[in-house]
Amino acid sequence: MDTVTHDLVIFGAGLAGLRAALAAASASRGKLDIALVSKVQLMRAHSVAAEGGTAAVLRPEEGDSLELHAWDTVKGSDFLADQDAVELFVRTMPEEILHLEHWGLPWSRRPDGRIAQRPFGGHSFPRAVYAADKTGFFEMQTLYDTLQRHAEVTRYDECFVTALVAADNVYRGLIAIDMKSGRMLALRSQALIIASGGAGRLYNFTTYSQTVTGDGLALAFRAGAPLKDMEFVQFHPTGLVPSGILISEAARGDGGYLINKDGERFLERYAPQRMELAPRDIISRSMMTEIEAGRAYPRPDGLDHLLLDLRHLGAAKINERLPFIRELAIKFGGIDPIEQPIPVRPVAHYSMGGIHTDLRGATPVRGIWAAGEAACVSIHGANRLGTNSTAECLAWGRFAGEDAARFAAENALPPLPEGAVADEERRLHDLLRTEGTESPYEIRAALQETMDRSVGVFRTGEGLTGALAGIKELADRARRLRLADRGRVYNTDLITCLELQNMLEIAEVVVAGALARTESRGAQARRDFPNRDDQRWLIHTMAARNLDGPRLGSLPVAITRWEPVERTY
Ligand SMILES: Cc1cc2nc3c(=O)[nH]c(=O)nc-3n(C[C@H](O)[C@H](O)[C@H](O)COP(=O)(O)OP(=O)(O)OC[C@H]3O[C@@H](n4cnc5c(N)ncnc54)[C@H](O)[C@@H]3O)c2cc1C
């Protein structure tokens with residue numbers, strides 16, 4: 001085991017992690033020694049896949065306002081968002097867009113040279129700032145470029161964090177395995193920022209990269225940090241069938257239609273005013289209702305689909321605004337959207353829940369902050385609006401970076417308990433040597449199948465109870481794993497096992513929360529409890545770890561200005 005010491009460790013190098021690194025480096029004027037840890041090469045974080053845009057109010061003179069952005073976000077969240085956090089968020093975003101502009105991001109522009117903005121679902125003004133349909137890629141590239149100016153940031157690429165050590169509710173350090181050499185590494189620092197992304201891969205039909213397995217959520221949970229609102233999983237309306245690759249909402253923002261087998265723009269029945277630009281939870285439910293009513297194109301694999309029609313936009317607009325969507329549809333669907341509609345159906349997309357933090361991203365464990373999709377502050381409540389996530393990564397990456405840097409400068413290095421390192425070394429050693437019989441790949445596939453089947457757009461008590469029992473059974477099987485590769489260097493079998501353990505831990509929290517919440521709100525649609533119940537459930541779900549499963553509690557929602565009303569679009 002090698003031990004390295006820094007002032008601040010950032011666990012995750014996606015948008016939130018890179019923004020945090022830049023904020024910490026600037027706040028400390030080069031005086032802090034910062035580590036940036038990622039299980040993949042830096043530019044392979046899922047953030048590079050973000051397509052459609054980032055929300056910010058830039059045009060008050062044309063009718064947009066911070067109040068309107070806040071209201072859209074609160075209404076979109078089905079009133080579960082904390083309104084003080086939302087107000088802070090909308091106030092911060094215009095400045096973040098200008099930071100990126102000054103760092104050289106090639107935003108798409110209007111003919112007059114000003115930054116362009118496109119419409120997005122649930123936003124009542126076109127406020128998605130974008131760079132064609134590769135926004136996340138350009139954001140990552142710009143932050144990465146800017147970070148090159150900071151020699152005080154040390155990168156640990158392809159380093160898989162296996163444990164987070166805390167004692168007496170104080171952060172102590174991280175343990176990781178350097179995948180290239182197989183050596184274990186103890187990282188010590190005064191402060192930690194968890195920016196490890198979401199858990200989209202709990203599902204098989206998902207828009208997320210293979211690497212998005214909820215590691216940081218599970219590690220923080222084990223170290224004593226509570227998880228919040230994990231039952232709220234967003235289903236994006238337009239996953240390309242059969243791969244699940246995302247067809248960005250920008251396709252509808254720029255005018256695309258959703259149609260059923262009978263050629264109808266069926267959203268007239270469900271969201272007559274906003275149509276294709278209603279929020280994602282509402283469109284996904286409408287699509288599943290159409291599919292279940294037999295008004296979709298059947299497929300033998302069960303992925304019955306509807307169509308996303310862009311043909312009326314014309315080749316010039318598609319090539320200029322949606323070149324990546326066209327490329328994806330051609331390469332992965334064999335369909336050119338200029339000539340044919342794209343086969344789509346709702347797909348698991350985003351974790352609204354995450355590690356509970358305060359307004360500035362601090363977790364209840366002293367010395368640990370969380371930002372980006374791993375965190376739940378919460379601005380998305382029960383349903384996130386498109387383009388508010390990359391935005392959140394920027395805003396809270398910055399807050400967490402600034403505050404953690406200050407904390408690191410003012411506090412001493414906490415001791416790393418000796419036993420913790422030895423225990424983790426033994427755990428991994430034992431895993432490499434186990435004589436079990438179970439394949440991690442089979443258990444992972446069974447878990448994803450369970451989540452796809454029973455924890456989808458519509459849920460029932462019976463389905464969730466079955467899913468919970470199924471997950472417990474899989475967790476039991478996962479105690480008898482067998483690794484085909486027992487080497488140390490780039491052992492992807494070992495990484496798969498570690499990810500699987502994390503996924504099983506998180507899946508249980510998602511399902512337990514969904515089962516307990518006997519109402520329908522935002523992305524949680526219970527067939528057996530079809531109404532929103534503000535009397536009982538206008539609260540956040542908090543999950544703490546117990547030996548026999550998550551222990552659930554609650555936290556009030558911060559309401560500053562907007563009392564809950566019926567949500568129509
Ligand atoms: C296809 C797609 C399109 C999207 N489009 C948009 C959009 O247009 N607008 C929008 O607002 N949102 C969009 N989203 C959502 C948004 O992109 C994500 O929520 C956001 O980028 C997450 O960023 P992050 O920094 O929190 O995490 P990620 O970008 O997921 O980064 C996580 C980091 O943590 C590291 N990590 C994880 N586990 C470990 C471990 N065990 N050890 C070491 N390192 C680890 C990873 O290596 C990575 O560096 C999209 C999402 C997808 C999947």
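Remember, it's a predicted structure, so these values are computed and weren't measured experimentally.

### What to know about the site of the ligand
Here's step 1: If you check the shell around the ligand, you find 38 residues, and the closest are His46, Ser47, Gly52, Glu373 and Ser389.
Here's step 2: Here an oxygen atom of the ligand and a side-chain polar atom of Ser38 are 2.8 Å apart.
Here's step 3: One of the backbone nitrogen or oxygen atoms of Val161 is found 2.8 Å away from a nitrogen atom of the ligand.
Here's step 4: Here the shell around the ligand gets four residues from one element, more than from any other, and that element is helix H10 (residues 388–410).
Here's step 5: When grouped by side-chain class, the residues that make up the shell around the ligand number 17 nonpolar, 16 polar and five charged.

### Details of the pattern of salt bridges
Here's step 1: Tallied over the entire structure, the rule returns 55 salt bridges.
Here's step 2: The partner of Lys39 in a salt bridge is Asp215, and the shortest N-O contact between them spans 2.8 Å. In this pair, Lys39 sits in the loop between strand S3 (34–37) and strand S4 (54–55) while Asp215 sits in helix H5 (residues 215–222), placing the two residues 176 residues apart along the sequence. The burial state of Lys39 is the same as that of Asp215; both residues are buried.
Here's step 3: Note that Arg269 and Glu290 form a salt bridge whose closest N and O atoms lie 2.9 Å from each other.

### Observations regarding the pairing of strand S9 (residues 170–178)
Each regular strand carries side chains that alternate between the two faces of the sheet.
Here's step 1: Summarising burial for S9: eight of the nine residues are buried, a large majority.
Here's step 2: With eight bridges joining them, strand S8 (residues 159–167) and S9 adopt antiparallel strand pairing. Along S9, the bridge assignment pairs Val161 with Ala176.
Here's step 3: Adjacent in sequence and paired antiparallel, S8 and S9 are bridged by two residues, among which Asp168 carries a positive phi angle near 50°.
Here's step 4: Two strands pair when backbone bridges link them, and S9 and strand S10 (residues 184–188) are joined in this way by four bridges, in the antiparallel orientation.

### Thoughts on the sheet that holds strand S18 (residues 368–370)
Here's step 1: Spatially, S7-S3-S2-S11-S18 is the arrangement adopted by the five strands of the open sheet, whose pairing is parallel. Each having just a single partner strand, strand S7 (153–156) and S18 make up the two edges of the open sheet. Averaged over all pairs of adjacent strands, the angle between strand axes in this sheet comes to 20°, irrespective of strand direction.
Here's step 2: In terms of strand pairing, strand S2 (residues 8–11) meets strand S11 (residues 191–194) through four bridges, oriented parallel. From the neighbouring strand, Val9 faces S11, where its bridge partner is Leu192.
Here's step 3: Sheet contacts for H10: S2, S11 and S18; angle to S11, the most-contacted strand, approximately 165°.

### Focus: the domain arrangement of the chain
Here's step 1: Assigned domains within the chain: domain 1 (238–346) and domain 2 (420–544).
Here's step 2: In this complex, domain 1 contributes seven residues to the contact, which on the side of domain 2 involves six residues.
Here's step 3: For the domain 1 and domain 2 pair, buried surface summed over both sides reaches about 460 Å², with 65% attributable to carbon and sulfur atoms.
Here's step 4: When the buried area of domain 1 at its contact with domain 2 is split by residue, Asp281, Arg285 and Glu292 rank highest and sum to 70% of it.
Here's step 5: Between Glu292 and Arg527 there is a salt bridge, with its nearest N and O atoms 2.8 Å apart.
Here's step 6: Here domain 1 and domain 2 share two residue pairs in polar contact (both at pLDDT 80 or more) between them.
Here's step 7: Broken down by element, the side of domain 1 that touches domain 2 gets its largest block of residues, six residues, from helix H7 (residues 280–292).

### Overview of helix H1 (residues 15–27)
Here's step 1: The end-to-end C-alpha separation of H1 is 18 Å, in line with the 18 Å expected for 13 residues at 1.5 Å each.
Here's step 2: Its buried side turned inward, H1 meets S2, S3, helix H3 (83–102), helix H4 (135–147), S11 and H10.
Here's step 3: Count one or two residues on from H1 and you reach Arg29, which has phi positive near 45°.

### Things to note about the environment of Asn502
Here's step 1: On the secondary structure map, Asn502 appears in helix H14 (residues 492–516).
Here's step 2: Take Asn502: its relative accessible area is 3%, and that puts it in the buried class.
Here's step 3: Setting aside chain neighbours within four positions, we find Asn502 in contact with Thr213, Gly214, Asp215, Ala218, Leu219 and Arg222.
Here's step 4: One polar contact links Asn502 to Asp215, side chain to side chain, over a distance of 3.0 Å.

Analysis parameters
Residues numbered from 1 in each chain as written. Predicted model: local features only at pLDDT ≥ 70, side-chain atom pairs only at ≥ 80, totals over all residues. Heavy atoms only, no water. Near = heavy atom within 4 Å. Polar contact = N/O pair within 3.5 Å; in protein donor to acceptor, adjacent residues only side chain to side chain. Helix = DSSP H or I, 4+ residues; strand = E, 2+ residues; numbered from the N terminus. Nonpolar A, V, L, I, M, F, W, Y, C, P; charged D, E, K, R; others polar. Salt bridge = Lys/Arg side-chain N within 4 Å of Asp/Glu carboxyl O. Buried < 20%, exposed > 50% of the residue type's maximum accessible area, 1.4 Å probe, protein only. Pairing = 2+ DSSP bridges. Axes fitted to C-alpha atoms, helices over the stretch in contact; angles between N-to-C directions. Contact = heavy atoms within 4.5 Å. Domains from an automatic or database assignment. Buried area = accessible area lost by both parts, 1.4 Å probe. Expected span 1.5 Å × (residues − 1).

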